[in-house]
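# Examination of the molecular architecture
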Amino acid sequence: MRSLARWAVSRLRRYRPDHNPLRRRSDRIEAAIAAAALAAVLFAVWPAALAARTVYDGGVAAERVGPGTPQLVEATLVEAPAAEDGSAAPAAGRGLPAASSARWTLPSGEVREGVVPAVLLLRDGPMKARLWVDGEGRPAAPPPHRAETVTRAGLAAAGVVAIVTVLAWACFALTRHWLDRGRYRDWEAAWAAADQRWRRHHI
């Protein structure tokens, strides 16, 4: 923790604006780019919050159940569907079929029948189960839980901040690399000029 604090202080001293005559133009450009990158990361909080809010609202809407949204209905298992060659359907682990033929009754009283993936069936017994259906009465995935919605919102916000941070750091690193190449050229030119002066002085 202390080493991190020392690093932060050294960065602040390096990039803080001042009137130090030893600072080169490239140093001031690097400090400006560093400030812009930091500002971009800080301003990323706003789009991150917006993304999290959008994902959260969508998740809350998906959690709602009732007419026009997912509803839980009672289902009766008929039999496991057979494959095209007449054999039993492949198992989904623990001896359960990957899909089952089921019959379910919608809240409107309409009876539906079809093949339902085993992962969508909440079994209550050998031939009894419950099933989530969408607004049109078709088998659907269960609505998300609030914890899942909050987690997705948090991941969305973190993703936005991470993307902006990576882009800001990449721009800063590329700019610093370009500035360093110019500094090395200036440094070599300064040494060459000094060498010429020293040679003439000794001659």
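Residues numbered from 1 in each chain as written. Predicted model: local features only at pLDDT ≥ 70, side-chain atom pairs only at ≥ 80, totals over all residues. Heavy atoms only, no water.

For the coordinates displayed, the defined rule picks out one aromatic pair. Relative to Phe172, the ring of Trp169 has its centre 5.6 Å away and its plane inclined at 40°; by these criteria the two rings are tilted. Placement of both Trp169 and Phe172 in helix α4 (residues 146-202) is noted, with a separation of three residues, approximately one turn of the helix. The exposure class assigned to Trp169 is exposed, which follows from its relative accessible area of 56%. (Phe/Tyr/Trp six-rings, centres within 6.5 Å; stacked < 30°, edge-to-face > 60°. Helix = DSSP H or I, 4+ residues; strand = E, 2+ residues; numbered from the N terminus. Buried < 20%, exposed > 50% of the residue type's maximum accessible area, 1.4 Å probe, protein only.)

Turning our eyes to something else, we now look at the packing of helix α2 (residues 25-43) against helix α3 (residues 45-63). At a closest axis distance of 4 Å, the pairing of α2 and α3 adopts a crossing angle of 25°. The angle between α2 and α3 falls in the class roughly parallel. Contacts between α2 and α3 pair Val41, Leu42 and Phe43 from the former with Val45, Trp46 and Pro47 from the latter. A class-by-class count of the residues in the contact of α2 with α3 yields six nonpolar, no polar and no charged. (Axes fitted to C-alpha atoms, helices over the stretch in contact; angles between N-to-C directions. Parallel < 35°, antiparallel > 145°, perpendicular 65-115°, else oblique. Contact = heavy atoms within 4.5 Å. Nonpolar A, V, L, I, M, F, W, Y, C, P; charged D, E, K, R; others polar.)

Taking 1.5 Å of rise per residue, the 19 residues of α2 would be expected to cover 27 Å, and the 27 Å separating its terminal C-alpha atoms lies within 8% of that figure. If you check which residues of α2 are buried, you get Ser26, Asp27, Glu30, Ala31, Ala34 and Ala37. Looking straight down α2, one finds its buried side chains confined to an arc of 140°; they lie on one side. Exposed and facing more than 90 degrees away from the buried side of α2 are Arg25, Leu42 and Phe43. (Expected span 1.5 Å × (residues − 1). Arc of directions from axis to C-beta.)

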